[in-house]
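Spelled out from the first residue to the last, the chains are:
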Amino acid sequence: MAENLFELVGRVGWMDISTTDKGTIITKINLGVKVSKEEWNNFFITFMNSAESKKRIAEQIAEQCKEGDYIRVKGVLRVDKFTPKNGEKEVEKVSLIGWLFNHVKFDEFEKRFIDV
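Residues numbered from 1 in each chain as written. Predicted model: local features only at pLDDT ≥ 70, side-chain atom pairs only at ≥ 80, totals over all residues. Heavy atoms only, no water.

J.: Let's hear about the overall build of the protein chain: which residues, and what values?
T.: What the protein chain contains, in helices and strands, is one helix and six strands. Each helix and strand of the protein chain, placed in order from N terminus to C terminus, yields the pattern β-β-β-α-β-β-β. Seen along its three principal axes, the alpha-carbon backbone of the protein chain occupies a region of about 55 × 35 × 30 Å. Relative to its 116 residues, the protein chain shows a buried fraction of 29%. A separation of at least 24 residues holds for 49% of the contacts in the protein chain among residues at least 6 apart in sequence. (Helix = DSSP H or I, 4+ residues; strand = E, 2+ residues; numbered from the N terminus. Buried < 20%, exposed > 50% of the residue type's maximum accessible area, 1.4 Å probe, protein only. Contact = heavy atoms within 4.5 Å.)

The structure is reproduced here in structure tokens:
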């Protein structure tokens, strides 16, 4: 089964860094993505250090990005299903899990964002 991949280019809003009891670092960002001349959509993306990989993506984004930076994020959609405490019907929660990011800038000549 193919994974649901995403790629978004936008501007970093807020960033939240936390550590679990087991020492895993989790960085959450708000990425503002321009969808038209006047409209922006906000996407909430989570970066977690992978236990099987030496790549420390959550730490890298926390250290290398700041509010206002333009970045390209690639990742996967994760769908979690659960039944709320009130016992009504099952609910699906979609999460965006980032696994790669690059700083970008807008190239006026090419009229598109390019990796820096």
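J.: Report on the side chain of Ser95, specifying residues and quantitative values.
T.: When you line up the elements, Ser95 lands in strand S5 (residues 91–107). Under the relative-accessibility criterion, Ser95 is labelled buried at 11%.

J.: Break down the packing of aromatic side chains for me, with residues and values.
T.: Applying the stated rule across the entire model yields three aromatic pairs. Pairwise contacts between aromatic rings join Tyr70, Phe106 and Phe113 into one cluster. (Phe/Tyr/Trp six-rings, centres within 6.5 Å; stacked < 30°, edge-to-face > 60°.)

J.: Report on the pattern of salt bridges, specifying residues and quantitative values.
T.: By the definition in use, this model includes eight salt bridges. For Glu59, the salt bridge goes to Arg56, with nearest N and O atoms at 3.8 Å. The exposure class of Glu59 is partly exposed, given its relative accessible area of 24%. Under the relative-accessibility criterion, Arg56 is labelled partly exposed at 38%. The partner of Asp115 in a salt bridge is Arg72, with the nearest N and O atoms 2.9 Å apart. With Asp115 in strand S6 (residues 112–115) and Arg72 in strand S4 (residues 70–82), the pair connects residues that are 43 residues apart, well separated along the chain. In this structure Arg72 comes out as buried when scored by relative accessible area, which is 14%. Residues participating in the shared-partner salt-bridge network are Glu7, Arg72 and Asp115. (Salt bridge = Lys/Arg side-chain N within 4 Å of Asp/Glu carboxyl O.)

J.: Give me the nonpolar core: which residues, what numbers.
T.: One broad rule of soluble globular proteins: the nonpolar side chains tend to lie buried together. Grouped together as the largest cluster of nonpolar side chains are 17 residues, with contacts concentrated most on Leu31, Ile45, Phe47, Ile71 and Val73. Contributing elements (two or more residues each) for this core: strand S1 (5–19), strand S2 (25–34), strand S3 (40–48), helix H1 (57–64), S4 and S5. No other element matches S2, which puts four residues into this core. (Core = buried A, V, L, I, M, F, W, Y, C linked by side-chain atoms within 4.5 Å.)

J.: Break down a nonpolar patch on the surface for me, citing the residues and quoting the values.
T.: Nonpolar side chains collect at one region of the surface, where Leu77, Val79 and Val94 lie side by side and expose about 230 Å² of accessible area between them. Along the chain, the position of Leu77 falls in strand S4. Look at Leu77 and you get partly exposed, because its relative accessible area is 32%. (Patch = residues over 30% accessible without salt bridge, like charges linked within 9 Å, V, L, I, M, F, W, Y side chains within 5 Å. Areas by Shrake-Rupley, 256 points an atom, 1.4 Å probe, with all protein chains shown as cover.)

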